[in-house]
Amino acid sequence: MTTRRTFLGASLGLGATLALPNLARGASPKVVVVGGGFGGGTAARYVKMLMPAAEVTLVERDKQFVTCPFSNYVIGGIEKMQTITHGYDKIAKRGVKVVHDEAVGVDPAARKVTLKGGRVLDYDRLVLSPGIDFVWGGLEGYDEAAAEIMPHAWKAGPQTVLLRKQLEAMRDGGTVIIVAPANPFRCPPGPYERAGMIAWYLKKSKPKSKILIFDPKETFSKQALFFESYENLYPGMIQWIGGKQGGKVTKVDSKKMTVEAEFGEEKGDVINVVPPQRAGRIAQVAGVADEKGWCPIDPKTMESTKVKGVHVVGDACIAGAMPKSGTSANSQARNAAAAIVAMLQGKEPPEPSYANTCYSIVAEGYGFSVTAMYSATPEGIKEIAGGVSKLKAPPKDRDLEAAYAYDWYRGIMYDALG
Amino acid sequence: MCTQRIVLVGTVLATAAFGLAAPAPAAPTAETIARNCVVCHGPKEAGQLEIPKLADYPARKMIEMMTGFRDGQKEATIMNRIAKAFSDEQIAALAAYFANR
Ligand SMILES: Cc1cc2nc3c(=O)[nH]c(=O)nc-3n(C[C@H](O)[C@H](O)[C@H](O)COP(=O)(O)OP(=O)(O)OC[C@H]3O[C@@H](n4cnc5c(N)ncnc54)[C@H](O)[C@@H]3O)c2cc1C
C-alpha cells in the first residue's frame, strides 16, 4: 500500500481521482499512443495484450507504415517497396483502436490529446513515439525544397523511391555523395549500410562510378566491419572522408549540386543528405523535449521526466547507451507497456530488460550485426553486454547474418504491428 | 511462477554470499527478458526461417547452449555476444520459461 500510494503520488503530482478520471469512475482505463511505428505499434499492442480491459487508441497520421529498416535494400535494388509497406489492419483486429489523424496538441493537466481533425482524446496514460523530425536549415542550404533534389530518404516512402530513381538515371562514372550527420541520429549504421547497398547496385550497373561519404564524425557504428566489407566487395569504389580529414559539411547547394566541406567543395551527380534531427514535433509541443530537441525519460518506466503521465519511447527519447533503432524502440515500448499497466493497476512497475540488435546488409548474402542487452540504472540505461560481429569471419557467417536479418524483420514486424 | 522463483533464489543467494543486509538488487523476470528474444526468434506466427524457435525448447539444451555461448565454448555469429549478459540463474529461468511455452 505504501509503495502504491507513494508511487501514485509521486508520479501524478495530483490527486489520484483527478488525474485518473476514467479509473475513478470505474470505467476502463484509457491509453493513447501517438505514432504507429516501431515504438508506438509495440506499445499499443502490448498494453492491450497485458490489460485487455484497457481502451487503447493508436493515433497515426498515415494509412500505411513504410519501414526505414530494409529501405536501403530497396535503394540497392534487392527489395521492393511492397516488402517494406505495412497496414494497420492486424493491430486493429487485436482490439487497438486505430485513428488515422495527426496529434497536434497535448494538455497534460487535463490529460487530453487534440487531433488535427478536431477530435479530443482523453487519456490516463499517454505514449509518444513520433520518431524524428528534420531540423530544416540546420545544415545551410538544406530545406524541404532541397530535399526534392538531394533526397534524405531518412523517412521511408516517396523519398526512398526518389533516391533509387536518381541512381537508376545516373550515368556510369558518376559520383554519389552521402552526407552523414553528427550524433545523435536515427540508425547510426544506416548511412554506411546505404553506401554498401548503393555500391552493390553500381558495381553491377555502373562500375565506373564512385561513392563519397562526407562525415563530421571520427568514428561510427560497426566501422571496422563496414571498411572490411567495402574492401572485400567494392575495392576502390567507396571513399569515407571523416571528421579528421575535413569531412564536416557546412553547406549544400541544390542548384549547383555541390557540397561544401572543410575538406573542399565537391560536385555530385546524386547527393543524399542525412540532415540533423530532433524528436518529432508533437514531443516539442507536449513539452517533453529538452533544449536540444530530445526527450529525457525515467529509465525504468520510460515516463517523461518533464511531464508526468506521458511516456516517450523510440527515436524521440534519450535512452542512454541504446542507439536510435527500430529494435530499441520496440524493446523500450514493450517495457513501457508493462510499466503503464502496472501503474494503472496501482502496482510497482516491473524491472525492465532492454535489448537492441541491428543488422546491416551490404551485399546480397553479406550481413553483420551489433547487439546488446541493457538495464535501467539510476544514472540511465546502461549496457550489460554486447558487441559487433567478428572481423574476418568466414563467408558462411556473413551469409547467415544476412538471413538472420530477414528473420529479425519478420519478427519485429509481427511484434510491432502484427 | 516457477521461473520467477528461480530468479529470486539466485538473487537471494548472491546477497547472502556477500553477507549484505541491503535489499536484493532488482532483476527483471524471465518473462520480461524473454520478450526481447522473440523479436528475432519469433513466435511461430512470425514465420522465421533460419533462426531457431524457442517455444518448447528443451531446457537442458538451452542451458547448455547459452552457457556455452557465454563462456566461449560454443561458436556463434551473435548469441555469444548476447549470452554474456546473463547469470547462470537467469539462463536457468529463461530455459524454464521457454520449455513451458
Ligand atoms: C535507412 C534506415 C535504415 C534503418 N534500418 C534499421 C534496422 O535495420 N534495424 C533497426 O532496428 N532500425 C533501423 N532503422 C531505424 C528505425 O527506422 C527507427 O529507429 C525506428 O523507426 C524508430 O521507431 P519510432 O517508433 O521512434 O519512430 P517511427 O518508426 O518513425 O514511427 C513514428 C510514427 O509516428 C507517426 N507520427 C509522428 N508524429 C505524429 C503525430 N503528431 N500524429 C500522428 N502520427 C505521428 C509517423 O507517421 C510514424 O509512422 C533504420 C533507419 C533508417 C533511416
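Residues numbered from 1 in each chain as written. Chains lettered and ligands numbered in written order. Predicted model: local features only at pLDDT ≥ 70, side-chain atom pairs only at ≥ 80, totals over all residues. Heavy atoms only, no water.

Comments concerning the overall build of chain A
What chain A contains, in helices and strands, is 12 helices and 24 strands. Its C-alpha atoms give chain A a radius of gyration of 22 Å, near enough to 22 Å, the size a compact globule of 418 residues would have. Seen through its C-alpha atoms, chain A measures out along the principal axes to roughly 70 × 45 × 40 Å. Across the 418 residues of chain A, 60% fall into the buried class. In chain A, once contacts between residues fewer than 6 apart in sequence are set aside, the share between residues at least 24 apart is 66%. Summed over its atoms, the accessible surface of chain A is roughly 16200 Å², and 53% of this surface lies on carbon and sulfur atoms. If the 52 positive side-chain charges of chain A are averaged to one point and the 43 negative ones to another, these points end up 4 Å apart. (Helix = DSSP H or I, 4+ residues; strand = E, 2+ residues; numbered from the N terminus. Rg over C-alpha atoms; globule rule 2.2 N^0.38 Å. Buried < 20%, exposed > 50% of the residue type's maximum accessible area, 1.4 Å probe, protein only. Contact = heavy atoms within 4.5 Å. Areas by Shrake-Rupley, 256 points an atom, 1.4 Å probe, with all protein chains shown as cover. Lys, Arg positive; Asp, Glu negative; His and termini not counted. Charge placed at Lys NZ, Arg CZ, Asp CG, Glu CD.)

Structural notes on the sheet that holds strand E2 (residues 55-60) of chain A
Residue and element names in this part refer to chain A. Taken in spatial order, the 5 strands of this open sheet run E5-E2-E1-E9-E20, and their pairing is parallel. Each edge of the sheet is formed by a strand with only one pairing partner; in this case those strands are strand E5 (97-100) and strand E20 (310-312). Averaged over all pairs of adjacent strands, the angle between their axes in this sheet comes to 20°, without regard to strand direction. In the sheet, strand E1 (residues 30-34) pairs with strand E9 (residues 125-128) via 4 bridges, with the strands oriented parallel. (Pairing = 2+ DSSP bridges. Axes fitted to C-alpha atoms, helices over the stretch in contact; angles between N-to-C directions.)

Overview of the interface of chain A and chain B
Contact with chain A, which involves 36 residues of that partner, is made by 27 residues of chain B. The junction of chain A with chain B conceals about 2500 Å² of combined surface from both sides, 64% of it contributed by carbon and sulfur atoms. The largest per-residue losses of area from chain A upon contact with chain B belong to Glu351, Asp407 and Tyr414 of chain A, which jointly make up 21% of the total buried on that side. Counting the contacts that link chain A with chain B gives 2 salt bridges. Among the salt bridges present, the one from Glu75 of chain B reaches Lys390 of chain A, with a minimum N-O distance of 3.7 Å. In this assembly, chain A and chain B are joined by 11 residue pairs in polar contact (both at pLDDT 80 or more). When contributions to the side of chain A that touches chain B are tallied by element, the ones reaching two or more residues are helix H4 (38-50), helix H11 (326-344), strand E22 (354-363), strand E23 (366-377), strand E24 (380-388) and helix H12 (395-417) of chain A. Taken together, the residues of the side of chain A that touches chain B break down into 17 nonpolar, 11 polar and 8 charged. (Buried area = accessible area lost by both parts, 1.4 Å probe. Salt bridge = Lys/Arg side-chain N within 4 Å of Asp/Glu carboxyl O. Polar contact = N/O pair within 3.5 Å; in protein donor to acceptor, adjacent residues only side chain to side chain. Nonpolar A, V, L, I, M, F, W, Y, C, P; charged D, E, K, R; others polar.)

Observations concerning the packing of aromatic side chains
All names here are of chain A. Taken as a whole and assessed by the stated rule, the structure comprises 19 aromatic pairs over all chains. Between the aromatic rings of Phe38 and Phe65, the centroid separation amounts to 5.5 Å while the plane-to-plane angle is 75°, which identifies the pairing as edge-to-face. Remark: Phe65 occurs in strand E3 (residues 65-66) and Phe38 occurs in helix H4; sequence separation between them is 27 residues. Residue class for Phe65 comes out buried when judged on its relative accessible area of 15%. One aromatic cluster is present, built from ring pairs that chain together Tyr192, Phe220, Phe226, Phe227, Tyr230, Trp240, Tyr366 and Phe368. (Phe/Tyr/Trp six-rings, centres within 6.5 Å; stacked < 30°, edge-to-face > 60°.)

Observations concerning the confidence of the model for chain A
The predicted coordinates of low-pLDDT regions are not to be read in fine detail. Taken residue by residue, chain A gives an average pLDDT of 94. The fraction at 70 or more is 94%. Within the model, pLDDT remains below 50 along residues 1-18 of chain A, and this stretch shows 20 contacts once partners closer than five positions in the same chain are excluded. (pLDDT = per-residue confidence, 0-100.)

Description of the sheet that holds strand E11 (residues 175-179) of chain A
Residue and element names in this part refer to chain A. Taken in spatial order, the 4 strands make up an open sheet running E13-E12-E11-E17, and their pairing is parallel. Each end of this open sheet is capped by a strand with a single partner; those strands are strand E13 (238-241) and strand E17 (270-273). Each strand of the sheet is rotated relative to its neighbour by a mean of 15°, with strand direction disregarded. Where strand E12 (residues 210-214) and E13 come together, 4 bridges link them in parallel fashion. Opposite Ile213, over in E13, you have Trp240 as the bridge partner.

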